[in-house]
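Listed below are the residues making up each chain.
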Amino acid sequence: MDSVRPLNRSFLINSLIIAAVALLLSRPLSRITLSLSTSKPVSSILSHYQISAYFSRPTTMTTNRPPVYFFSHGGPNVQYDTGHPAYPILQKIGREITQLKPSAVVVFSGHWEAEPHVIEVNTAEHTDLIYDFYGFPPQYYQAQYPNRGSPELASKVLRLLTDAGIRANGVTRGLDHGVWSGFSVAFDPEDNPLNVPLVQVSLYRNQDVDLHYKLGQAVASLRDENIIIIGAGMSVHNLRDFGITRGDPRPLPYTVSFDEALKDAVESPPSDRRARMRELAKRPDAKQAHPHFDHLMPVYVAAGAAGDAAGKRTWTLHEGSMAWAQYRFGDVPAS
């Protein structure tokens with residue numbers, strides 16, 4: 001009996017190791033074809049099985065990534081102006097997004113610029129709204145939009161930015177109306193609540209469109225976790241001329257020309273899109289359409305996050321010195 005104990009002990013050890021490996025990798029024991037009749041070295045068993053397991057691992061199906069969106073969000077009156085043509089459009093887009101059952105939303109708004117070469121991420125779970133507008137009726141400053149952040153997701157965003165060589169800081173900040181005004185329509189708390197964490201990320205305080213495209217690229221992998229990325233701005237946004245044309249919906253020439261040029265650039269083949277969008281910002285009408293690029297930059301972030309997903313303008317409206325283009329990058333996955 002003593003002469004067979006070493007063999008039995010070796011047999012038992014090898015059996016336990018193989019069973020543990022099979023359990024960890026969710027493989028039935030019958031799939032492990034190593035013979036237990038011989039006393040092979042443990043290292044030989046593991047190296048053989050690890051190589052086989054490595055080449056049989058499933059790959060990530062990037063075709064199931066959710067789309068990336070750009071909202072033209074409107075002003076702080078958008079949630080009250082139910083007769084405006086953009087109102088039902090934002091509602092429709094919001095329903096499309098909630099039907100995708102995202103795990104979270106990360107949003108870049110034209111109303112938050114950090115520093116010229118630093119990005120900030122809101123790490124708070126609970127924050128107040130920011131009423132970053134002037135001259136509106138008193139009830140506008142009492143608006144509420146229930147939302148919750150995610151410190152865990154914010155930390156993930158910070159890591160992605162750092163890994164991409166982007167200087168980034170976590171901060172505690174409220175939610176600005178570039179987010180909550182449009183979201184109040186798209187994700188009405190009563191009719192179509194978002195019900196997932198919402199993390200806002202800043203833009204740079206500069207007008208470098210290529211840096212903002214790279215910013216989107218840095219967070220693109222969030223889509224692998226069914227996180228929706230949204231840029232919120234306006235496709236044309238000239239407040240100076242808005243004061244002149246207020247009440248007159250007839251579009252100014254640059255409103256039409258730039259909005260259509262933006263469409264051509266965004267809808268160009270993804271391999272050409274970055275270069276086309278870079279050239280777009282150099283057009284003579286770009287500074288008319290956007291005296292400051294803050295409301296334009298979110299579409300560059302969205303395009304960068306979209307990767308090789310095609311961009312499509314789903315709707316637009318030319319109204320005075322404003323344009324309301326809505327974009328989706330990528331197809332809506334089949335349910």
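Residues numbered from 1 in each chain as written. Predicted model: local features only at pLDDT ≥ 70, side-chain atom pairs only at ≥ 80, totals over all residues. Heavy atoms only, no water.

What to know about the nonpolar core
To keep things clear, this is the line we draw: Think of a nonpolar core as a cluster: buried Ala, Val, Leu, Ile, Met, Phe, Trp, Tyr and Cys residues, connected wherever their side-chain atoms sit within 4.5 Å. Only protein chains enter the accessibility calculation, which uses a 1.4 Å probe. A residue is then buried if its area is under 20% of the maximum for its type, exposed if over 50%, and partly exposed in between. Segments assigned H or I by DSSP are reported as helices when at least four residues long, segments assigned E as strands when at least two residues long, and all are numbered from the N terminus. Note on definitions: a residue-residue contact is assigned when non-hydrogen atoms from the two residues lie within 4.5 Å.
Ranked by internal contacts, the top residues of the largest apolar core, which has 54 residues, are L161 and V299. Examining the composition of this core, we find that eight residues originate from one element, helix α11 (residues 297-306), more than from any other. The residues contacting V299, other than those within four sequence positions of it, are F70, L262, V266, M277, Y327 and F329. Residues F133, Y140, W180 and I228 belong to the second largest nonpolar core, which totals 33 residues.

A few points about the confidence of the model for the chain
Selection criterion: The predictor reports its confidence for every residue as pLDDT, a score running from 0 up to 100.
On average, residues of the chain score 86 in pLDDT, and 81% of them are at 70 or above. Taken together, the stretch residues 1-62 has pLDDT below 50 and engages in 32 contacts with residues farther than four places along the chain or on a different chain.

Some remarks on the packing of helix α9 (residues 270-280) against α11
Short version of the rule: Angles here are taken between N-to-C directions and fall from 0 to 180 degrees, while the axes themselves are lines fitted to C-alpha atoms, restricted in helices to the stretch in contact. Note that the term roughly parallel is reserved for angles under 35 degrees, roughly antiparallel for angles over 145, roughly perpendicular for angles of 65 to 115, and oblique for everything else. Nonpolar residues are Ala, Val, Leu, Ile, Met, Phe, Trp, Tyr, Cys and Pro. Charged residues are Asp, Glu, Lys and Arg, and all others, Gly as well, are polar.
At a minimum axis separation of 11 Å, α9 and α11 run at an interaxial angle of 170°. Comparing the axis directions of α9 and α11 gives the class roughly antiparallel. Seen from α9, the contacting residues are R273, M277, R278 and L280; seen from α11, they are V299, Y300, A303 and A306. Here the contact of α9 with α11 is built from residues that sort into six nonpolar, no polar and two charged.

Some words on the sheet that holds strand β10 (residues 322-323)
Worth spelling out the cut-off: The pairing criterion for strands is at least two bridges between them, as found by DSSP.
Spatial ordering of the open sheet is given by β7-β10-β9, a layout of three strands whose pairing is antiparallel. Since the sheet does not close on itself, it has two edges, and those belong to β7 (236-237) and β9 (318-319), each with one partner. Here β7 runs beside β10; their pairing, made up of two bridges, is antiparallel. Across the sheet, residue V236 finds its bridge partner in β10, namely A323.

Things to note about the side chain of D210
In this fold, D210 is placed in helix α6 (residues 209-218). Overall, D210 belongs to the buried group, its relative accessible area being 18%. D210 has contacts with R274 and R278, leaving out every residue within four places of it along the chain.

What to know about the packing of aromatic side chains
Short version of the rule: Here the aromatic set is Phe, Tyr and Trp, taking the six-membered ring for Trp, and pairing holds for ring centres within 6.5 Å; pairs whose planes are under 30 degrees apart are stacked, those over 60 apart are edge-to-face, and all others are tilted. Only Lys NZ and Arg CZ are tested; either one counts as a charge over a ring when it is within 6 Å of the ring centre and within 35 degrees of the ring normal.
Tallying each qualifying case throughout the model produces 13 aromatic pairs. Each ring, one from F133 and one from Y141, has its centre 4.8 Å from the other, and the planes form 35°; the classification is tilted. Residue classification places F133 among the buried residues on the basis of a relative accessible area of 5%. Following the ring pairs from residue to residue traces out a cluster consisting of Y80, Y131, F133, F136, Y140, Y141 and W180. We note K287 situated over the ring of F293; from NZ or CZ to the ring centre the distance is 4.7 Å.

A short note on the layout of surface pockets
We apply this condition: The definitions used throughout rest on a 1 Å grid laid over the protein atoms alone, on which a cavity is an enclosed set of points accommodating a 1.4 Å probe that cannot get out and a pocket is an open set flanked by protein within 12 Å on both sides along at least five of seven lines; lining residues are those having an atom within 4 Å of a point. Grid points are joined across faces, edges and corners, and a volume is the space filled by probe spheres set on the points.
Considering only enclosed or pocket space, the largest pocket measures out at about 810 Å³ in volume. Broken down by element, the lining of the largest pocket gets its largest block of residues, four residues, from helix α7 (residues 239-245). Split into classes, the residues belonging to the lining of the largest pocket amount to 13 nonpolar, 14 polar and seven charged.

What about helix α5 (residues 177-186)?
Cut-off, in case you're wondering: Throughout this description, a polar contact denotes any pair of N or O atoms lying within 3.5 Å of each other; where both atoms belong to protein, one of them has to be capable of donating a hydrogen while the other can accept it, and for residues adjacent in sequence the pair is counted only when both atoms sit in side chains.
Taken across its 10 residues, α5 has 10 buried, putting it largely inside the fold. Within α5 the residues assigned to the buried category are H177, G178, V179, W180, S181, G182, F183, S184, V185 and A186. Close packing links the buried residues of α5 with β1 (68-72), α3 (86-99), β2 (104-113), β5 (198-203) and β6 (227-233). The distance from a side-chain oxygen at the start of α5 to the backbone nitrogen of G178 is 2.9 Å, and the residue carrying that oxygen is D176.

Notes on the pairing of β2
Within β2, nine of the 10 residues are buried, leaving the element largely enclosed by the surrounding structure. Where β2 and β6 come together, six bridges link them in parallel fashion. Bridge pairing in β6 places F108 opposite G231. The pairing of β2 with β5 spans five bridges and is parallel. Looking at β5, one finds that V106 is bridged to V199.

Some details on the pairing of strand β3 (residues 119-122)
Here is the rule: The definition of a right-handed crossover adopted here requires that, viewed with the strands pointing away, the path from the first strand over the helix to the second runs clockwise.
Side chains I119 and V121 project from β3 onto one buried face, and the interleaved E120 and N122 project onto a second face that is buried too. Pairing of β3 with strand β4 (residues 168-171) involves four bridges; the strand directions are parallel. Paired with V121 across the two strands is G170, which belongs to β4. Between the parallel elements β3 and β4, the chain passes through helix α4 (residues 151-163) in a crossover that is right-handed.

Considering the pattern of salt bridges
The criterion, for reference: In the sections that follow, a salt bridge refers to a side-chain nitrogen of Lys or Arg positioned within 4 Å of a carboxyl oxygen of Asp or Glu.
Using the criterion set out here, one finds 14 salt bridges in the structure. The closest approach of N and O atoms between R274 and D210, which form a salt bridge, is 3.0 Å. Of the two residues, R274 is situated in helix α9 and D210 in helix α6; the sequence distance between them amounts to 64 residues. Among the ionic contacts, a cluster of salt bridges with common partners joins D210, R274 and R278.

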